[in-house]
Amino acid sequence: MLADPVTGDLVGRAPELLELLEAQSAEERHTVTGELLTNTIEVTSGVGATVADAVDDISAAVASVRRSTDPAGIELLSAGSHPFAQWFNQRVTEKTRYRQLIERTQWWGRNMMIWGIHVHVGVEDRDKVLPIIGALSSFLPHLQALSASSPFWAGERTGYASNRSLVFQQLPTAGLPWPIRTWQEFEGYLDDMVRSGVMHDVSEVRWDIRPAPRWGTIEVRACDGMSTLTELASVAALTQSLVEHFSRELDEGRELPGLQPWFHRENKWRTARYGLDARVIVDPAGSQIPVRDHLLAVLEDLAPVARDLSCSRELEGVRTILQDGASYARQLSAAQAADGDLREVVQHLIREFRAGPERSTAV
């Protein structure tokens, strides 16, 4: 997000910055581009062999953006939502596909003041993609809880840890994936949607987790914008380790676990509402445990995979988030310490994006 350093409000100045930034990134591993709203700059890593590679790219991209925004008097912050900005004050980027999106979705499209993190993990065999997506869907609530950073919306405390996730699913083709089991079924779904005019191509599939055929990846899109790069690294490591774990299970001929679609929906709502304090359904019988406890058990199971992927250190960062709280909790503490002044929450987010998580003593 681009923000005024004094008021903390969003500023729609991306167009004046992007021509230079996009040219500079042409020679780098990362890319810097515009997004739906002119208050946003998107940064993307190159293809990394490890989580550290990808996060280094993002760090370099953010540094390149700062070389333009600092002299221009613009601050940067990252979260699932801005604490008090209003949708009607924001301008849509002058791109045909964005204009078409707003034309179709109207009020809900104009309300998409949301910021998210997408993690791509390469998969070597397309026949693995949909089974892995089915299994990984059971862990989207866990990733959502760890990344939750949108407790405020248009100046209101929503009571949700991730209000972004519930706003985004209002768009056509967004939300949880359909229970599709094979690549052939996925192609049939795409054919139906294109033939009926719902979408033009696969890029308009906006599920919380989706195949990305252009890149040969599974793309996880369930996470709010991350407020710090260390937390981004932890969530990316958990995502990669889960994908690799399920890929190995398939290689061994084992059937991947899954939940009923209605349990997926309930778990998504619970972690959107309660964040890391949610209880999640963990098996087809409906057993429920705190998401914190389930994550700790999963970390133990994934430790050997993480070692093989050279992301053990980043995966261990999940424990830090569990111990110290996710961004939504820190934002609520910042608001409480400032007697509800959401301008101070923005300043808190600006500081965190520069320096890392702040540890508040507020209760």
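## Points about the pairing of strand β2 (residues 31–34)
And step 1. Burial along β2 is one-sided: Val32 and Gly34 are buried, and none of Thr31 and Thr33, which face the opposite way, are.
And step 2. Where β2 hands over to strand β3 (residues 41–44), the hairpin turn is made up of six residues, counted between the paired strands.

## Considerations on unusual backbone geometry
And step 1. Even without being a glycine, Gln106 presents a positive backbone phi close to 55 degrees.
And step 2. Within the element layout of this structure, Gln106 appears in helix α3 (residues 96–110).
And step 3. Located in the positive-phi region is Asp339, a residue other than glycine, with phi close to 55 degrees.
And step 4. Mapping Asp339 onto the fold places it in the loop between α12 (327–337) and α13 (342–355).

## As for the sheet that holds strand β10 (residues 209–212)
Backbone hydrogen bonds are what pair the strands of a sheet, in a parallel or an antiparallel way.
And step 1. Ordered by their spatial adjacency, three strands build an open sheet running β5-β11-β10, and the pairing between neighbours is antiparallel. The sheet is open, and its two edges are formed by β5 (116–122) and β10, each paired on a single side. Across the sheet, the axes of successive neighbouring strands diverge by a mean angle of 25 degrees, strand direction being ignored.
And step 2. In this structure, β5 lies alongside strand β11 (residues 217–224), joined through six bridges in antiparallel fashion. Looking at β11, one finds that Gly122 is bridged to Thr217.
And step 3. Most of the contacts of helix α4 (residues 126–136) go to β10, to which it runs at about 165 degrees, and overall it touches β10 and β11.

## Remarks on the pairing of β11
And step 1. A large share of β11 lies buried, amounting to eight of its eight residues.
And step 2. Adjacent in sequence and paired antiparallel, β10 and β11 are bridged by four residues, among which Gly216 carries a positive phi angle near 75 degrees.

Thresholds applied
- Residues numbered from 1 in each chain as written.
- Predicted model: local features only at pLDDT ≥ 70, side-chain atom pairs only at ≥ 80, totals over all residues.
- Heavy atoms only, no water.
- Buried < 20%, exposed > 50% of the residue type's maximum accessible area, 1.4 Å probe, protein only.
- Helix = DSSP H or I, 4+ residues; strand = E, 2+ residues; numbered from the N terminus.
- Pairing = 2+ DSSP bridges.
- Axes fitted to C-alpha atoms, helices over the stretch in contact; angles between N-to-C directions.
- Contact = heavy atoms within 4.5 Å.

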